[in-house]
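# Survey of secondary and tertiary structure
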Amino acid sequence: MKVSLRLPLFGVWLLIVVICLALAFLMAGLFQLSVGAEVKSVRADVLRGSQSIQQRFDIYLASYHPPPKDFTDEQRRHELELILQLVLADYKGVEGGFWTERGGFVAYAFPTYEGGTLKKDVPPAEAGRIAKVAADALQNRGAQ
């Protein structure tokens, strides 16, 4: 009696395909978990940084009677940049700034920038998007 090897070999091949698909599914799930966890961590850092900037800004404003109506002069810009440098230095890879409806970008800082110079300029490629998000945040009175 002749026994064909086709059926057992097909079964082994099918088992290998199922195992490969299962491993691919598991690897994709692990990747999504790691990316999701990273995004969640970054969002939490940005939120904490924003709250810390808000607290420092409130303290800064309390030192003026009455508070300044405009922050576009060099002295105010320098003070706001200092607030940003102090707060954002604790958050690696996070950059931020102050933005107003009338004046646009008032101050900007990226203290953990790995370049050789102190980064205080708004990235030109991102300026439009940042301004839109800032305008939306002011309009909706909440984080964007």
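Keep in mind that what you see is a predicted model, and the values were worked out from it rather than measured.

## Here we look at helix α2 (residues 74-88)
Taking 1.5 Å of rise per residue, the 15 residues of α2 would be expected to cover 21 Å, and the 21 Å separating its terminal C-alpha atoms lies within 8% of that figure. Residues Arg76, Glu79, Leu80, Glu81, Ile83, Leu84, Gln85, Val87 and Leu88 constitute the buried set of α2. Where α2 is buried, its residues meet α1 (6-62), β1 (96-100) and β2 (104-109).

## What about the pairing of β2?
Most of β2 is tucked away, with five of its six residues classed as buried. As judged from the five bridges shared by β1 and β2, these two strands associate in the antiparallel manner. Note that in β2 the partner of Phe98 across the bridge is Ala107. The antiparallel pairing of β1 with β2 creates a hairpin that spans three residues between the two strands.

## Some thoughts on the pattern of salt bridges
Taken as a whole and assessed by the stated rule, the structure comprises four salt bridges. Of the charged contacts in the structure, one is a salt bridge between Asp45 and Arg48, with a shortest N-O distance of 2.2 Å. With Asp45 and Arg48 both in helix α1 and three residues apart, this pair spans about one turn of that helix. Exposure remark for Asp45: the relative accessible area of 23% places this residue in the partly exposed category. Judged by its relative accessible area of 41%, Arg48 falls in the partly exposed class. Here Lys92 and Glu114 are joined by a salt bridge, their closest N and O atoms 3.2 Å apart. Placement of Lys92 in the loop between α2 and β1 and of Glu114 in the loop between β2 and α3 (127-140) is noted, with a sequence separation of 22 residues between them. The class of Glu114 is exposed, set by a relative accessible area of 70%.

## Some words on unusual backbone geometry
Note the cis peptide between His65 and Pro66, where omega equals -5°. In this structure, Pro66 sits in the loop between α1 and α2.

## Concerning the side chain of Gln85
The topology assignment puts Gln85 in helix α2. Note on Gln85: relative accessible area 16%, which makes it buried. Dropping the residues within four chain positions of it, Gln85 is found in contact with Ala109, Pro111, Leu118, Lys119 and Lys120.

## As for the packing of aromatic side chains
Scanning the model with the defined rule gives four aromatic pairs in all. Note on Phe57 and Tyr60: the rings are 6.1 Å apart at their centroids and 35° apart in plane angle, and the pair reads as tilted. Of this pair, Phe57 and Tyr60 both sit in helix α1, three residues apart, which is roughly one turn of the helix. There is no split in this pair, since Phe57 and Tyr60 are both buried. Seen in terms of ring centroids, Phe57 and Phe98 are 5.2 Å apart; in terms of plane orientation they differ by 40°. Their pairing is tilted. With Phe57 in helix α1 and Phe98 in strand β1, this residue pair connects regions lying 41 residues apart in the sequence. Among the residues examined, Phe57 registers a relative accessible area of 15% and is labelled buried.

Calculation rules
Residues numbered from 1 in each chain as written. Predicted model: local features only at pLDDT ≥ 70, side-chain atom pairs only at ≥ 80, totals over all residues. Heavy atoms only, no water. Helix = DSSP H or I, 4+ residues; strand = E, 2+ residues; numbered from the N terminus. Expected span 1.5 Å × (residues − 1). Buried < 20%, exposed > 50% of the residue type's maximum accessible area, 1.4 Å probe, protein only. Contact = heavy atoms within 4.5 Å. Pairing = 2+ DSSP bridges. Salt bridge = Lys/Arg side-chain N within 4 Å of Asp/Glu carboxyl O. Phe/Tyr/Trp six-rings, centres within 6.5 Å; stacked < 30°, edge-to-face > 60°.

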